[in-house]
Amino acid sequence: MHDVVVVGAGPAGSRYARRAAQQGLDVVAFEQGTVGEPLACSGHVSTDIWEYTEDARGELLQNEVSGARFHTGGPGSDAHPFYKDEVISNVIDRVGLDRHLAGLAREAGADVREEHTVVGVEEGRDGVTVEARGPDGVETHRAKMVAGCDGPKSRVRRELGLPEPDELLHGVLGFDETADHGDFVDVHLTVPRFFAWRIPRGEAGVEYGLAVPPGDDARGRFEEFVEGYGADVTRRCSGLIPVGPPRRVTGRRSFLVGDAAAQTKPFTGGGILYGMTAADHAAREIDPDDPATLGDYERAWRDDLRQEIRLGHAVRAGYSVPKAVQKLGMRAFEGEIGVHMDRPTTLFSREQLKALLSRS
């Protein structure tokens, strides 16, 4: 009988496994394939990432970013720059991040098992039963609780009948191996209800990507986008981006963390920091011996992220206003900013007000 079975060893799953193991819990985590593969997520993150990685900056850092150029048209269109006179964000080795975080979980005492596909989850009054297919066949594990950290199409969420995210976007990434040490990303508001992007990754090349609503032609839009940049894209990958947390992310003996719970930024789809923030709340609040503490987790992570997610939806709504309105807004606010890329509430911060006043 384990204390917790963790399904999925991405950033959220590995972070929770590490924190729970540090508290002395018996934790086993299953990853369907090899940790970090296949890549299905951008590596553009805020500098807050280093608070979670234990001195891995030198190993994982690929480039530093100080601003973004926003476009209402495609490649070559007029740009509206937003920037700071300091590093705003970092571009990192995304596969390396997953592997590093899983390594930290192992060091803390969690049993992280790769090549284990969870094929069944049952929830009872006294615990859960998890079946996982590994190299030696199907294993059956009993635990007091199960943590579903298994991404947008969560098997745990589906097996236990937990509510679905509000929305699943289809994201596409591609990589050009030509080195680019530029310190600005490009954001194109040309995709219905979302955007396309170009991110310089230093010696690792350039990342191109976009996300579209269900039913749109993600592949066709992506090919047109990279052709506009004249990019030589040699690697492509795709995945789903959940937006909008469901009304409930806990069951009787279960809880969801990260993309499985749609704990993502509505205006970018990024979920690494939000997911690990929620993982810390889960480790602090949930006692596997007391299912009532699942409610404490629900309250804690929502209290922490509710306003950011709510304002994130408001920011995203701006992607769909008429182009003329977008241009007016960007002309009014372009220049130096005081906003944190993970926290829309900083739009109302003293730093942002100071940046706005400095232009007058």
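Residues numbered from 1 in each chain as written. Predicted model: local features only at pLDDT ≥ 70, side-chain atom pairs only at ≥ 80, totals over all residues. Heavy atoms only, no water.

Asker: Can you walk me through the overall build of the protein in this structure?
Answerer: Along the protein, the regular secondary structure elements total nine helices and 18 strands. What you see for the protein is a C-alpha radius of gyration of 21 Å, in line with the 21 Å of a compact globule of 360 residues. Out of the 360 residues in the protein, the part that is buried amounts to 56%. Considering only residue pairs separated by 6 or more positions, the protein has 69% of its internal contacts joining residues 24 or more positions apart. Side chains of the protein carry 43 positive and 58 negative charges; the gap between the two charge centres is 5 Å. (Helix = DSSP H or I, 4+ residues; strand = E, 2+ residues; numbered from the N terminus. Rg over C-alpha atoms; globule rule 2.2 N^0.38 Å. Buried < 20%, exposed > 50% of the residue type's maximum accessible area, 1.4 Å probe, protein only. Contact = heavy atoms within 4.5 Å. Lys, Arg positive; Asp, Glu negative; His and termini not counted. Charge placed at Lys NZ, Arg CZ, Asp CG, Glu CD.)

Asker: It is not clear to me how the pattern of salt bridges should be interpreted in this structure. Could you clarify?
Answerer: Between side chains of opposite charge, a pair can form when the charged atoms approach closely. Under the definition given, this model contains 24 salt bridges. In this structure, lysine 144 engages aspartate 3 in a salt bridge whose closest nitrogen and oxygen atoms are separated by 3.0 Å. Linking lysine 144 in strand S11 (residues 137-148) with aspartate 3 in strand S1 (residues 2-7), this pair joins segments that are 141 residues apart in sequence. On the basis of relative accessible area, aspartate 3 is assigned to the buried category, the value being 13%. Among the charged side chains, a salt-bridge network with shared partners connects Asp3, Lys144 and Asp289. (Salt bridge = Lys/Arg side-chain N within 4 Å of Asp/Glu carboxyl O.)

Asker: Mind showing me how you'd approach the sheet that holds strand S13 (residues 184-188) here?
Answerer: Two orientations exist for strands paired in a sheet by backbone hydrogen bonds: parallel and antiparallel. What the eight strands build is an open sheet, ordered S16-S12-S15-S14-S13-S5-S6-S18; its pairing is mixed. In the strand order of this sheet, the two ends are held by strand S16 (233-243) and strand S18 (335-336), each with one partner. Pairing geometry for strand S12 (residues 167-176) and strand S15 (residues 206-212), over seven bridges, is antiparallel. Bridging across to S15, phenylalanine 175 finds its partner in glutamate 207. (Pairing = 2+ DSSP bridges.)

Asker: Hey, could you run me through the sheet that holds strand S4 (residues 61-65) in this one?
Answerer: Read across the sheet, three strands follow the order S3-S7-S4 without closing on themselves; strand pairing throughout is antiparallel. Each having just a single partner strand, strand S3 (44-46) and S4 make up the two edges of the open sheet. Mean inter-strand twist for the sheet, computed between neighbouring axes without regard to direction, equals 35°. Pairing of S4 with strand S7 (residues 89-92) involves four bridges; the strand directions are antiparallel. Its bridge partner being in S7, glutamate 64 is matched across the sheet by asparagine 90. (Axes fitted to C-alpha atoms, helices over the stretch in contact; angles between N-to-C directions.)

Asker: Even after reading the chapter, I still don't get the nonpolar core, so can you show me in this structure?
Answerer: Soluble globular proteins: nonpolar side chains tend toward being buried together. The biggest cluster of nonpolar side chains holds 50 residues, and the ones touching the most others in it are Val6, Tyr16, Val130, Val146, Phe255, Val257 and Tyr297. Sequence-distant contacts of valine 130, defined by excluding residues within four places in its chain, comprise Val5, Phe30, Val118, Gly120, Val121, Glu139, Thr140, His141 and Val146. Among the nonpolar cores identified, the runner-up in size contains 38 residues, and Val206, Tyr208, Ala231 and Ile241 belong to it. (Core = buried A, V, L, I, M, F, W, Y, C linked by side-chain atoms within 4.5 Å.)

Asker: Would you mind going over the side chain of threonine 277 with me for this structure?
Answerer: Mapping threonine 277 onto the fold places it in helix H6 (residues 272-285). The buried category is assigned to threonine 277, whose relative accessible area is 16%. Engagement of the side chain of threonine 277 in a polar contact is seen with the backbone oxygen of leucine 273, the distance being 2.8 Å. Ignoring anything within four residues of it in the chain, the contact list for threonine 277 reads Tyr52, Asp304 and Leu305. (Polar contact = N/O pair within 3.5 Å; in protein donor to acceptor, adjacent residues only side chain to side chain.)

Asker: Any chance you could explain the environment of glutamate 54 here in plain terms?
Answerer: Along the chain, glutamate 54 falls in the loop between S3 and helix H2 (57-60). Separated by 47 residues in sequence, glutamate 54 and leucine 101 place their C-alpha atoms 9.1 Å apart. What glutamate 54 contacts, discounting residues up to four positions off in sequence, is Arg18, His100 and Leu104. At a separation of 3.0 Å, a polar atom in the side chain of glutamate 54 contacts the side chain of arginine 18.

Asker: I keep staring at the environment of arginine 198 and nothing clicks. Help me out?
Answerer: If you trace the backbone, arginine 198 turns up in strand S14 (residues 196-200). The buried category is assigned to arginine 198, whose relative accessible area is 14%. For the pair arginine 198 and valine 112, spaced 86 residues apart in sequence, the C-alpha to C-alpha distance is 34 Å. Filtering out sequence-adjacent residues up to four positions away, arginine 198 remains in contact with Asp180, Val185, Asp186, Val206, Glu207, Tyr208 and Tyr229. One polar contact links arginine 198 to aspartate 180, side chain to side chain, over a distance of 2.8 Å. Reaching out from arginine 198, the side chain makes a polar contact with the side chain of tyrosine 208 at a distance of 3.2 Å.

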